Amino acid sequence: MSMEPRRPDPQQTWTAVDGYFNGLLVEEDAALLAAVAASEAAGLPPHQVAPNQGKLLSLLARVHGARRILEIGTLGGYSTIWLARALPEGGHLVTLEADERCAVVATRNLERAGLAGVVEVRTGPALETLPQLEAEGAEPFDLVFIDADKPGNPAYLEWALRLTRPGSLIIGDNVVRDGAVTDELSTDPRVQGVRRFTERLGAHPRLTATAVQTVGEKGYDGFVLALVTG
Ligand SMILES: C[S@@+](CC[C@H](N)C(=O)[O-])C[C@H]1O[C@@H](n2cnc3c(N)ncnc32)[C@H](O)[C@@H]1O
């Protein structure tokens, strides 16, 4: 009987590596931990960004000097807290959430984090709340984080372009779909939503973008980062 050396389980390795870097680099304080706990207690799905991705969002917002941030897809407000904490004095974040229950949990989590005066949670399908923002004459957003239903991504990109300015950043989460993004014949509307989104990002004359694959405790995924150039 041959004794093949046992290969490490990739998922276990990714989780251990996330744990190593998060332990040294990513501070999840009481408010962030409480936001996750309260979301779980309320029965919300554990679809928030990983801690290191939350920190990445926060760092991108800070490097960019974002003063106005728009988030599409709030869930329990975990990514919202990371992003809102990156804002300078006087900064503002609007986060859009379709599900009333999520919006209630997020509002409480944001209050607990001391961010009630900085963040506005708007409840309703984003394709209703985005036109409202435009109709109200909202000032351009410096950063848009798209993290809601993936079939909606192409439409959210068009709205993001209407609500930003040259120099704004647009970030889209969960674009790898466990690798299924390469499957042009996929019948999954989330995969097709991400594919149309990526095609538009690549072809749009006002955008330059890239996509990065990630692995970690949340599995195999990735995000896109786009700069509004004109
Ligand atoms: C992946 S979760 C957001 C996670 C959150 N950004 C975080 O990292 O903490 C996606 C959220 O989008 C919301 N959503 C789904 N469809 C939506 C829509 N049409 N308009 C607004 N929000 C929507 C879902 O209810 C869910 O809370």
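Refer to the structure above for everything that follows.
Here the structure is a predicted model, which means the values were calculated and not measured.

(A) Here's a closer look at the pairing of strand S4 (residues 143–146). Burial along S4 is two-sided: Leu 143 and Phe 145 facing one way and Val 144 and Ile 146 facing the other are all buried. Summarising the sheet, strand S1 (residues 68–72) and S4 pair through four bridges and their orientation is parallel. Looking at S4, one finds that Leu 70 is bridged to Val 144. With four bridges connecting them, S4 and strand S5 (residues 169–173) associate as parallel partners.

(B) Geometry of the pairing of S5. Burial runs high along S5: five of the five residues are buried. Alternating positions in S5 separate into two faces, Leu 169, Ile 171 and Asp 173 on one and Ile 170 and Gly 172 on the other, with burial throughout. Regarding the hand of the β-α-β motif, the stretch spanning S4, helix H7 (residues 153–162) and S5 is right-handed.

(C) Up close: the site of the ligand. Neighbouring the ligand are 19 residues, the closest being Gln 48, Gly 73, Tyr 78, Ser 79 and Ala 126. For the shell around the ligand, the secondary-structure elements that each account for two or more residues are helix H4 (78–84) and strand S2 (92–97).

(D) Focus on the packing of H7 against helix H8 (residues 189–203). Taken N-terminus to C-terminus, the directions of H7 and H8 make an angle of 35°; their axes are 7 Å apart at the nearest point. Only Gly 193, Val 194, Arg 196, Phe 197, Arg 200 and Leu 201 of H8 make contact with H7, whose side of the interface consists of Asn 153, Pro 154 and Leu 157.

(E) How the structure looks around the environment of Thr 182. With respect to the helices and strands, the residue Thr 182 is situated in the loop between S5 and H8. Distance in space between the C-alpha atoms of Thr 182 and Tyr 156 is 21 Å, their sequence separation being 26 residues.

(F) Main features of unusual backbone geometry. The backbone phi angle of Leu 75 is positive, close to 55°, even though this residue is not glycine. Mapped onto the secondary structure, Leu 75 falls in the loop between S1 and H4. By C-beta crowding, Leu 75 is classed as buried, having 26 other C-beta atoms within 10 Å. If you check the backbone angles, Asp 178 has positive phi at about 55° while not being a glycine. Tracing the backbone through its elements, the reader meets Asp 178 in the loop between S5 and H8.

(G) Representation of the sheet that holds strand S7 (residues 219–228). In space, the seven strands of this open sheet follow the order S3-S2-S1-S4-S5-S7-S6, with mixed pairing throughout. The open sheet has two edge strands, strand S3 (119–123) and strand S6 (207–216), and neither has a second partner. The average angle at which neighbouring strand axes cross in this sheet is 15°, direction not considered. Pairing analysis gives five bridges linking S5 to S7, with the strands arranged antiparallel. Opposite Leu 169, over in S7, you have Leu 227 as the bridge partner. Packed on one face of the sheet, helix H3 (residues 51–64) meets S1, S4, S5 and S6 and runs near 170° to S5.

Rules and cut-offs
- Residues numbered from 1 in each chain as written.
- Predicted model: local features only at pLDDT ≥ 70, side-chain atom pairs only at ≥ 80, totals over all residues.
- Buried ≥ 20, exposed ≤ 12 C-beta atoms within 10 Å, placed from the backbone.
- Helix = DSSP H or I, 4+ residues; strand = E, 2+ residues; numbered from the N terminus.
- Pairing = 2+ DSSP bridges.
- Right-handed = clockwise from strand over helix to strand, strands pointing away.
- Near = placed C-beta within 6 Å.
- Axes fitted to C-alpha atoms, helices over the stretch in contact; angles between N-to-C directions.
- Contact = placed C-beta atoms within 7 Å.

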